[in-house]
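Report on the structure
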Amino acid sequence: MSMSKYVTNAVFLAAGLATLPTGAEVLTIEAGGGFPGTLIREGTPTTNNAGSNEFFAGTVGPGDDTRTVLSFDLSSITNGSTIDSVELTFTVFQPDGGTSFNADTDLILQKLDQTPTEAANWNTYDGTNAWVTAGGDFSGPALSTATANPDTITANTDVVFGSTSDLTALAKTAVDDDTNFNLILRAPGLEAQNSRGLFRFAGTGDPNERFATLVVNYTVPEPGSLGLIAAGAACLILRRRQ
């Protein structure tokens, strides 16, 4: 066999091995027993609610909106991985008996521009440094939307924010830039009301452990691919010497 054929075979072998199937992985993070989230409330702007039994979204009344800020650590995902899907599920802690809004309304997730800590409140993202705008610095369109009725929703109901291209793109940026995956949960339709309208989800301190759950499906190249390419090339060289 000529040297050119050996080279050609090696190229084709390397190309074939380089396209070996990738490995599918799943990262699941529960928002319980510690911080990746806390509720913030306009009516008590300096109160820290870390470890609360509940996450809120909506309004307690005029001038008293409430939201939930979340920050997930995705550092266990290898840089350069493909983010296939992202899903976030909240479970209702209990219905809000004082809600006077009886209709379906949107709950939305948006990109949070600061990384909050467990000391976050309405005025600050870490107990010290102020948000640019009180109530959380969020930007862009809704990354994912869920619809529910705050008056008729029942305890233990799961509210699921399904995967979207915008949500996976934000997770991809967080992974590749080694930053946290920061989100804010809001109910803008309820915030626009002049009367109480509130969703109450299980928080990090829920005694029944109905924690909000983030599920990220992603793929990474199999770590053995490069090694197989090298082994194949070595075999060709040995054969050439024979």
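Just above, that's the structure.
This write-up is about the structure you can find in this document.

The next thing to look at is the environment of F101. Its place among the elements puts F101 in the loop between β5 (82–91) and β6 (105–112). What makes F101 buried here is its relative accessible area of 19%. Taking the C-alpha atoms as reference points, F101 and T152, separated by 51 residues in sequence, lie 9.6 Å from one another. With near-sequence residues (within four places) excluded, F101 lies in contact with N149, P150, D151, L190, Q193, R196 and G197.

Scanning all chains against the criterion turns up nine salt bridges. Between E54 and R200 there is a salt bridge, with the nearest N and O atoms lying 2.7 Å from each other. Pair noted here: E54 is in strand β3 (residues 54–59) and R200 is in strand β10 (residues 197–202), with a separation of 146 residues, a long-range link. With a relative accessible area of 16%, R200 lands in the buried category. Note that R210 is salt-bridged to D206, the shortest N-O span being 3.0 Å. Side by side, R210 and D206 carry an identical accessibility label, which is buried.

Scoring rules and cut-offs
- Residues numbered from 1 in each chain as written.
- Predicted model: local features only at pLDDT ≥ 70, side-chain atom pairs only at ≥ 80, totals over all residues.
- Heavy atoms only, no water.
- Helix = DSSP H or I, 4+ residues; strand = E, 2+ residues; numbered from the N terminus.
- Buried < 20%, exposed > 50% of the residue type's maximum accessible area, 1.4 Å probe, protein only.
- Contact = heavy atoms within 4.5 Å.
- Salt bridge = Lys/Arg side-chain N within 4 Å of Asp/Glu carboxyl O.

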